[in-house]
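Results of the structural survey
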Amino acid sequence: MKLRIHRYDDNIIEDLGISFAFTNSERNQLGCPRQWYFSYSQGLSTKRTSNAFAWGIAWHMLMEDLFNFWKEHDRLINHTDPFFNESFDKIEEFLEEEQANSEEVIKDMRIALEGYLIRYGDIFTQFRVVEVECALRYPIKDFNGNLFKTHLYLERIGDRLEIANIDAKKKIEYTMPFWVIGRADAIVQSRSSGELFVFDHKTTGSIKRFLSTCEVDPQLCSYAAMLEYEKTEGYLQKYKNNKVGGIIYGLTSNQSTSEPKVLKNGTFSKAKSNKIPSWVFKKFAGKDELYSSHLENLKDNVDPLWHQRMYYPLDRNSINRWKMESYGTARRLADMYRCLSLFEDADSWVAPRVPTCKSTGYCQFKEVCLNDNHIMRSYYKKENRIYWSK
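This one's a predicted model, so the numbers in the text were calculated from it and none came from an experiment.

Rules behind the numbers
- Residues numbered from 1 in each chain as written.
- Predicted model: local features only at pLDDT ≥ 70, side-chain atom pairs only at ≥ 80, totals over all residues.
- Heavy atoms only, no water.
- Helix = DSSP H or I, 4+ residues; strand = E, 2+ residues; numbered from the N terminus.
- Rg over C-alpha atoms; globule rule 2.2 N^0.38 Å.
- Buried < 20%, exposed > 50% of the residue type's maximum accessible area, 1.4 Å probe, protein only.
- Contact = heavy atoms within 4.5 Å.
- Areas by Shrake-Rupley, 256 points an atom, 1.4 Å probe, with all protein chains shown as cover.
- Lys, Arg positive; Asp, Glu negative; His and termini not counted.
- Charge placed at Lys NZ, Arg CZ, Asp CG, Glu CD.
- Salt bridge = Lys/Arg side-chain N within 4 Å of Asp/Glu carboxyl O.
- Arc of directions from axis to C-beta.
- Pairing = 2+ DSSP bridges.

**Re the overall build of the protein**
The helix and strand tally for the protein stands at 14 helices and twelve strands. A globule of 390 residues ought to have a C-alpha radius of gyration of about 21 Å, and the protein, at 24 Å, matches this closely. With the C-alpha coordinates of the protein rotated into their principal frame, the extents come out at 80 × 55 × 35 Å. Burial statistics for the protein: of 390 residues in total, 51% are counted as buried. Look at the contacts in the protein between residues 6 or more apart in sequence, and 74% of them connect residues 24 or more apart. Put simply, the protein shows about 20,200 Å² of open surface, and 47% of that area lies on carbon and sulfur atoms. Each charge sign in the protein was given a centre, from 55 positive and 53 negative side chains, and these centres are 4 Å apart.

**Looking at the pattern of salt bridges**
Applying the stated criterion to the full structure yields 20 salt bridges. Between Glu296 and Lys299 there is a salt bridge, with the nearest N and O atoms lying 3.6 Å from each other. Remark: Lys299 and Glu296 occur in helix α10 (residues 292-301); sequence separation between them is three residues, near one turn of the helix. Overall, the relative accessible area of 42% leaves Glu296 in the partly exposed class. Residues joined in a network through salt bridges with shared partners are Arg34, Asp347, Asp372 and Arg377.

**Thoughts on α10**
Within the span of α10, buried status applies to His294, Leu295 and Leu298. Down the axis, α10 shows its buried residues gathered within 100° of arc, on one side only. Structural note: α10 exposes Ser293 and Asp300 on the side pointing more than 90 degrees away from its buried face. Residues of α10 that are buried sit in contact with α9 (278-285).

**Let's talk about the pairing of strand β5 (residues 149-157)**
The pairing of β5 with strand β7 (residues 172-190) spans six bridges and is classified as antiparallel. Note on β7: the bridge partner recorded for Thr150 is Met176. Where β5 lies against strand β6 (residues 160-163), four bridges are found, and the strand directions are antiparallel. From the neighbouring strand, Ile157 faces β6, where its bridge partner is Arg160. The turn joining β5 and β6, which pair antiparallel and follow one another in sequence, is formed by two residues; a positive phi near 65° is taken by Gly158.

**Some remarks on the pairing of β6**
By the bridge criterion, two bridges tie β6 to strand β12 (residues 386-389) in an arrangement that is antiparallel. Opposite Arg160, over in β12, you have Ser389 as the bridge partner.

Here it is, written out as structure tokens:
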């Protein structure tokens, strides 16, 4: 039997067989047990992707193509290069499927791509792109360093096994190891030191707000731990002599921009409140010396609101702490899944609502959380996040 995880059709994941694997996303959703219940235990998701989420997926598609180009060619590329035509064709098709405003999103993404390549298009002078869209794993171990295994209850449905629900006629007990899995957007190697860095693309409405929270993001340590495992015991042993240096965040804002305001005297406004990036303003101002100092100000103070690159070195204590936290998460998840398989109405106490919910305005499950019934559930897609089949 092969392990089937939503969005992970990689051989190294499928070949884990009768194992349980969870992702950073599942761990993050445990912050609200009810949200985890709807998303992972019940496999629900909204039928329509939000514009912000669609923008993020589309940007990742574009960066995947760009980093593959750098991996193969290791040279500069201009945002007008015909290479990107196929990328934007794929993105347009995706956005139309998701019923997003493809014309508006692609316009904004082309502007963002131009700025990205102006600010960071010379990545290969410092780094060599060695892997793109790279699946990673780490086996959960207990506090004694032993492989963590525990039992779950599965049921056979057709030719596959699924986690048993309360109505299952026959529950089959399986003891299995637990893994954390993830996908690195890219792995880059320092040309000077040979160190490996996980490169993670992030899109956000506010880079400033994102930076205030990401320094305590356990996902940073998870990537480093998984990459260490793969290069010492897994499928990336060709890098076994290369140290893991840390994580690089490539941050991009999904905000829209506008054209510079033309004043009555025919010049362009240089007001600091106009958050127009330098590469957009320059298209209108050209080489006019009148705007040279303003362009420098935009480069220093506005451009970083659109694109930033952050480097996070990781220490051994942080990685070891993450490993123990993941052990705790594995035990918690196992208990939750077991209880949902065995006890009637277990969701009420296994996955209670948060007493003071601060996300009702934008939580995708707010309707079904307030009133969970078959009518409300009909507004959601349903698919298993994990199952096992041949």
